[in-house]
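Observations on the model geometry
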Amino acid sequence: RVPADLKITEVLSSVFMVDQSIITGESEPVIKYYIDPLTIDPRKTLSMSEKYDTLFCGTTVVRGKCLAVVESTGESTALGQIRSSLTSGVPKDASKEDAEKDEKAKGILDGFDVGLRELTPLQLKLEEFGDFMSKIVLTCCVIIWGLNIGKFQTHGSFLDGALYYFK
């Protein structure tokens, strides 16, 4: 088990693999390797799954050996930041303006303990799928209601029939 966030300085085996599913949700172990810091573009922000030279706290080494330098511990690790964001609703590295927006959103939502957090890719896909399904259901309802316009008169008045089929 990896005790802290580490930066690989040298891989001592032919293959070095880590199960980082606790952090990234990947189902398969990931091959990790040393990357020369001079070749990395400092302007590019990498996701956790793209950091092939970083070992995250709480992950498990599946195969191989390496030398690494401690990058962060405790609440500063990736796992610590995830924990902080889940308990406080505001990521530790969020700005003061983000925290104020989060508090305003909590006030708007009338006491619901919901924060403005970055959604995971799975949550984004579920949101998109939910929106898509609600549009399909609404379209089906409108089509069925429209197909029954001719039957509205059989329930008394046109308005009574429209309300009957609206239910």
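Our subject is the structure that appears above.
Note that the structure is a prediction, hence the values are computed from the model and not measured.

Considerations on the overall build of the chain
Counting its secondary structure elements, the chain contains five helices and six strands. Each helix and strand of the chain, placed in order from N terminus to C terminus, yields the pattern β-β-α-β-β-β-β-α-α-α-α. Burial status across the chain gives 21% buried among its 167 residues. Of all intrachain contacts in the chain linking residues separated by at least 6 positions in sequence, the fraction that spans at least 24 positions is 59%. In the form shown here, the chain has an accessible surface area of approximately 12,300 Å², with 61% of it arising from carbon and sulfur atoms.

Describing a nonpolar patch on the surface
On the surface, Phe129, Phe132, Met133 and Ile136 cluster together to form a nonpolar patch covering roughly 370 Å² of accessible area. A relative accessible area of 49% places Phe129 in the partly exposed class.

Details of the sheet that holds strand β6 (residues 66–72)
Strand order in the open sheet formed by three strands is β4-β1-β6, with antiparallel pairing between adjacent strands. A single partner strand is all that each edge strand has here, and the edge strands are β4 (54–55) and β6.

Section: the packing of aromatic side chains
Applying the stated rule across the entire model yields one aromatic pair. Ring geometry for Tyr33 and Tyr52: centres 5.6 Å apart, planes at 10 degrees, overall stacked. Taken together, the positions of Tyr33 in the loop between β3 (30–31) and β4 and Tyr52 in the loop between β3 and β4 put the pair 19 residues apart, joining distant regions of the chain. For Tyr33, a relative accessible area of 38% translates into the label partly exposed.

Some remarks on the sheet that holds β3
Note on sheets: strands pair through backbone hydrogen bonds, and any given pair is parallel or antiparallel. Taken together, the three strands give an open sheet; going across it, the order is β3-β2-β5, and neighbouring strands pair in antiparallel fashion. With partners counted over all chains shown, the strands left at the sheet margins are β3 and β5 (60–63), one partner each.

So, the pattern of salt bridges
Per the stated rule, a full pass over the model turns up three salt bridges. With its nearest N and O atoms 3.7 Å apart, the salt bridge here joins Arg83 to Glu75. Since its relative accessible area comes to 46%, Arg83 is described here as partly exposed. Relative accessible area serves as the criterion here: at 31%, Glu75 is assigned to the partly exposed category. Through salt bridges that share partners, Lys7, Asp53 and Glu71 make up one connected network.

Observations concerning the pairing of strand β1 (residues 5–11)
On any regular strand, side chains alternate: one points to one face of the sheet, the next to the other face. Sheet topology places β1 next to β6; six bridges connect them, and they run antiparallel. Its bridge partner lying in β6, Val11 is registered against Cys66. Note: β1 against β4, two bridges, orientation antiparallel. Considered in β4, the bridge of Leu6 is made with Leu55.

Re the layout of surface pockets
Remark: the empty space left among the atoms is shown by a probe the size of a water molecule rolled over them. Counted as a void, the second largest pocket has a volume near 310 Å³. As for the second largest pocket, its lining consists of 16 residues, and the residues nearest its centre are Lys7, Leu46, Lys51, Asp53 and Thr54. Those elements giving two or more residues to the lining of the second largest pocket turn out to be β1 and β6. Residues that form the lining of the second largest pocket fall into these classes: five nonpolar, three polar and eight charged.

Definitions and limits used
- Residues numbered from 1 in each chain as written.
- Predicted model: local features only at pLDDT ≥ 70, side-chain atom pairs only at ≥ 80, totals over all residues.
- Heavy atoms only, no water.
- Helix = DSSP H or I, 4+ residues; strand = E, 2+ residues; numbered from the N terminus.
- Buried < 20%, exposed > 50% of the residue type's maximum accessible area, 1.4 Å probe, protein only.
- Contact = heavy atoms within 4.5 Å.
- Areas by Shrake-Rupley, 256 points an atom, 1.4 Å probe, with all protein chains shown as cover.
- Patch = residues over 30% accessible without salt bridge, like charges linked within 9 Å, V, L, I, M, F, W, Y side chains within 5 Å.
- Salt bridge = Lys/Arg side-chain N within 4 Å of Asp/Glu carboxyl O.
- Pairing = 2+ DSSP bridges.
- Phe/Tyr/Trp six-rings, centres within 6.5 Å; stacked < 30°, edge-to-face > 60°.
- 1 Å grid on protein atoms, 1.4 Å probe; cavity = no way out; pocket = protein on both sides within 12 Å on 5 of 7 lines; lining within 4 Å.
- Points joined across faces, edges and corners; volume = space filled by probe spheres on them.
- Nonpolar A, V, L, I, M, F, W, Y, C, P; charged D, E, K, R; others polar.

By themselves, these observations are geometric and do not establish any function.
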